Structures are given as structure tokens and as C-alpha cells.
Amino acid sequence: MDSHKSTPDLCDQYPQLVRVVEPMFSNYGGRERFAGEIVTVKCFEDNSCVKQLVDTDGRGKVMVVDAGGSMRRACLGDMLAEKASVNGWSGLIIYGCIRDVDEIMATDIGVQALGTHPMKTDKKGIGETQIAVSFGGVTFVPGEYLYADNNGIIVSAKALD
């Protein structure tokens, strides 16, 4: 479910229905515009849950990863981004860092993150999925919808087109 409308157009059309994430993310993926149903991960410097989810069917879905805003480790790299792409994920929002940026830019997936860091995370199996997470002035609820492009990220309780 990739929206053909830009986030500004959706904001103009549905101003009462959208919540706008504070501008803090950069676009790193091969897809500059992506949208889908929200699936959440909450983790800190451990991407075990991200690794598990990219192996699942992500068609029509966006993974929202609350990595605690960590600027000390990368929560996503090229191998996980490639798996997510193969499994149909529309994109990932990483409230933290990614690595392997050149390879991710060449992958058919949307990726927005706070920044980049060359060090990978630990994998201790610590994290939670499908819980409400909050950052950027917005609470992301599993099952709601996210729309992202170079203008920003918006969230809605229902699908928009």
C-alpha cells in the first residue's frame, strides 16, 4: 500500500486525521516515498526484534523502530534491509542509526533514520514488538498507518488515499 500522494497533499486533504512527526529524520532508502500499516519494535542497542521481523511477510507494512534515539549503534544494516525488501516491507522508520548506507540506498525499500553509525548493535534478544511507541511528538500505534517521503512522516488512525 504505497501512497501516490505526498505527505503535504495528505496533510492538506486530511488535516484533522494526521499527526506529523517532528522533523528529525533523513531518507536513506531506495524508495523515497513509502506507506503502510504500522508494526512496532522497541529496543535499545539490540536489533534482535528487527532481525526477526524482517524475515516475516511485510507486504503493506512499515516497521517503526523505537531504538531509543541511540547515536552509538546502528539498528539496521544492508543485510536486514535486503531481507525486509525481499519480504515485501514498504519501509522502516528507525529512531536511531543505520549503517551500510550506500547499499541501503540501492535497495528497494524506504528507510528513514536519525543518522548513521558504523558499529552494529548487540543481539541479546532484548526488545518488544507490537506495543505503542512514542518519539518525535507522535505515538505510533500498531495497526495505524504511516506515510513518509522527503517532506516528512505522518501517521493516521485510518488508511488515507
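For the structure itself, consult the block above.
Note that the coordinates shown come from a computational prediction; the quantities given were computed from them, not determined experimentally.

(A) The pairing of strand β3 (residues 34–42), seen in detail. Of all the nine residues making up β3, seven are buried; the element is thus mostly covered by neighbouring parts of the structure. Here β3 runs beside strand β4 (residues 61–66); their pairing, made up of six bridges, is parallel. In the sheet register, Ile38 faces β4, and the bridge partner there is Val62. For the handedness criterion, the β-α-β arrangement of β3, helix α2 (residues 48–54) and β4 is classed as right-handed. Two elements, β3 and strand β8 (residues 128–129), share two bridges in a ladder whose sense is antiparallel. Paired with Val41 across the two strands is Thr129, which belongs to β8.

(B) Structural detail: the nonpolar core. Core analysis: the biggest nonpolar cluster contains 25 residues, and Val50, Met63, Val65, Leu76 and Ile98 have the highest contact counts within it. Where this core is concerned, the elements lending two or more residues are β3, α2, β4, β5 (74–76), α3 (78–86), β6 (91–98), α4 (101–105) and β7 (110–116). The dominant element in this core, judged by the number of residues it contributes, is α2, at four residues. Beyond its immediate sequence surroundings of up to four residues, Val65 is in contact with Val41, Cys43, Val50, Cys75, Ile93, Ile94, Tyr95 and Phe135. Judged by nonpolar contacts, the second largest core, of 16 residues, contains Phe34, Ile93, Val138 and Ala148.

(C) The arrangement of the packing of aromatic side chains in detail. What the rule picks out here adds up to three aromatic pairs. Note on Tyr95 and Phe135: the rings are 4.5 Å apart at their centroids and 0 degrees apart in plane angle, and the pair reads as stacked. Of this pair, Tyr95 sits in strand β6 while Phe135 is found in strand β9 (residues 133–135), placing the two residues 40 residues apart along the sequence. By relative accessible area, Phe135 is classed as buried at 5%.

(D) Layout of the environment of Pro8. Assignment of secondary structure puts Pro8 in helix α1 (residues 7–13). Residue class for Pro8 comes out partly exposed when judged on its relative accessible area of 32%. Between the C-alpha atom of Pro8 and that of Asp100, which follows or precedes it by 92 residues, the distance is 30 Å. Setting aside anything within four residues of it in sequence, one finds Pro8 in contact with Asp149 and Asn151.

Conventions and cut-offs
Residues numbered from 1 in each chain as written. Predicted model: local features only at pLDDT ≥ 70, side-chain atom pairs only at ≥ 80, totals over all residues. Heavy atoms only, no water. Buried < 20%, exposed > 50% of the residue type's maximum accessible area, 1.4 Å probe, protein only. Helix = DSSP H or I, 4+ residues; strand = E, 2+ residues; numbered from the N terminus. Pairing = 2+ DSSP bridges. Right-handed = clockwise from strand over helix to strand, strands pointing away. Core = buried A, V, L, I, M, F, W, Y, C linked by side-chain atoms within 4.5 Å. Contact = heavy atoms within 4.5 Å. Phe/Tyr/Trp six-rings, centres within 6.5 Å; stacked < 30°, edge-to-face > 60°.

The values are spatial; any link to function lies outside them.
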